[in-house]
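Descriptive structure summary
Residue strings, one per chain:
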Amino acid sequence: MVNNKLLEELKEQQAERLCGTCGFPKDLNQFYKDGKDKEGNTKYRRDCKECYNKTRVIERRNKLKTTQKPLTIGTQTRRRARK
Ligand SMILES: [Zn+2]
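Residues numbered from 1 in each chain as written. Predicted model: local features only at pLDDT ≥ 70, side-chain atom pairs only at ≥ 80, totals over all residues.

Turning next to the overall build of the protein. When helices and strands are tallied, the protein shows three helices and four strands. Taken from N to C terminus, the helices and strands of the protein fall in the order α-β-β-β-β-α-α. Classification of the 83 residues of the protein by burial places 4% in the buried group. Of the contacts made within the protein by residues no fewer than 6 positions apart, 22% connect residues no fewer than 24 positions apart. (Helix = DSSP H or I, 4+ residues; strand = E, 2+ residues; numbered from the N terminus. Buried ≥ 20, exposed ≤ 12 C-beta atoms within 10 Å, placed from the backbone. Contact = placed C-beta atoms within 7 Å.)

Turning our attention to the environment of D47. Its place among the elements puts D47 in strand β4 (residues 42–48). For D47, a count of 18 C-beta atoms within 10 Å translates into the label partly exposed. Spatially, the C-alpha atoms of D47 and Y32 are 8.3 Å apart, while their sequence positions differ by 15 residues. Setting aside its immediate chain neighbours within four residues, D47 contacts C19, G20, T21, Y52 and T55.

Another aspect to go through is the pairing of β4. Pairing analysis gives three bridges linking strand β3 (residues 31–36) to β4, with the strands arranged antiparallel. Of the residues in β4, the one forming a bridge with F31 is C48. Counting the residues that bridge the hairpin from β3 to β4 gives five residues, and of these G40 lies at a positive phi of roughly 90°. (Pairing = 2+ DSSP bridges.)

Set out below in structure tokens:
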């Protein structure tokens, strides 16, 4: 019988993964782990560490922008609530 676990470990060590954001193949250790799937295999994020950090910065900026405009958000929700 083939030791599946050992094979999987080897695969993981050698595997390269295409980043979903920049599209470059990168080593698995360039990706953040994202928990485990149902079978207990380690999952990795779609985007590499570099892209993840970039998007986090952008998200933070976007959040700052939206929090600076609380008035427009407020009027929109009021209109919806009236119906
Ligand atoms: Zn990337």
